[in-house]
Amino acid sequence: MDSTLLTRQLEALLDSDDWLTNSAQTVAFIHTNIASLNWTGFYLQRSPQLLTLGPFQGNPACNPIPFSKGVCGAAATQRRTQRVADVHAFPGHIACDSASRSELVIPIVSEGQLWGVLDIDSPLPERFSEEDQATIEALCEVFINATRLPLFV
Ligand code: SME
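The structure displayed is predicted, hence computed values, not measured ones. (Residues numbered from 1 in each chain as written. Predicted model: local features only at pLDDT ≥ 70, side-chain atom pairs only at ≥ 80, totals over all residues. Heavy atoms only, no water.)

Novice: What am I meant to see in the nonpolar core here?
Specialist: A general trend in soluble globular proteins is that nonpolar side chains are found buried together. By size, the foremost hydrophobic cluster in this structure holds 25 residues, and its most contacted members are Ile 30, Phe 42, Ile 108, Trp 115, Leu 118, Ile 120 and Phe 143. Residue assignment for this core shows that the elements contributing at least two residues are α1 (3-13), α2 (19-33), β1 (39-47), β5 (102-110), β6 (113-122) and α4 (130-146). Here the element with the most residues in this core is α4; it accounts for six residues. In this view, Ile 120 contacts Ile 30, Leu 37, Trp 39, Thr 40, Ser 102, Glu 103, Leu 104, Phe 128 and Ile 136; residues no more than four positions away in its chain are not counted. Counting residues in hydrophobic clusters, the runner-up holds 14 residues, among them Val 84, Val 87, Leu 114 and Val 117. (Core = buried A, V, L, I, M, F, W, Y, C linked by side-chain atoms within 4.5 Å. Buried < 20%, exposed > 50% of the residue type's maximum accessible area, 1.4 Å probe, protein only. Helix = DSSP H or I, 4+ residues; strand = E, 2+ residues; numbered from the N terminus. Contact = heavy atoms within 4.5 Å.)

Right under this line is the structure:
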């Protein structure tokens, strides 16, 4: 993956500051430009300690997810990216799509508040390297910098 090229392309794509438009464009951009993904989407903190399904690509998914559950909940609680090589080995993993084998979840923090998480699933075990994580975190930074993120809670 060419991280610089992808970040420039996403910067060019996000030409509004609207959170709904930009979040939909960001998931579509990641899902179509990064290989071997079966699900890409945002979960938003629209009420305290609860993640509500937002724009996504892939099969219909689980909703809502409390902060106490799953890889998404761990990312939201710790405010740290969760890179899971084998979802079956992650205690409390929520299996929305049985095809998913590895997962990357990145917290989206704006002005010190957790706005939501970006969740990316792959049908391949160990799909995400450290370099992939850095690239997708850079894409999240592009999204955060381009977007006026309303705080729901
Ligand atoms: N696997 C996630 C749930 C969301 S789906 O993958 C779309 C989790 O354990 O939090």
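Next comes the rest of the write-up.
Novice: Before we go on, may I ask you to explain helix α3 (residues 70-78) in this structure?
Specialist: Every α-helix winds through 3.6 residues per turn, so residues three or four apart in the chain are directed the same way. Taken across its nine residues, α3 has seven buried, putting it largely inside the fold. Arg 79 lies just past α3 and shows a positive phi near 55°.

Novice: I'm lost on the environment of Pro 55 in this one. Help?
Specialist: Along the chain, the position of Pro 55 falls in strand β2 (residues 50-58). Along the sequence, Pro 55 and Leu 44 sit eleven residues apart, while their C-alpha atoms lie 9.4 Å from each other. Ignoring sequence-local partners within four residues, the contact set of Pro 55 consists of Leu 20, Ser 23, Ala 24, Val 27, Gly 41 and Phe 42.

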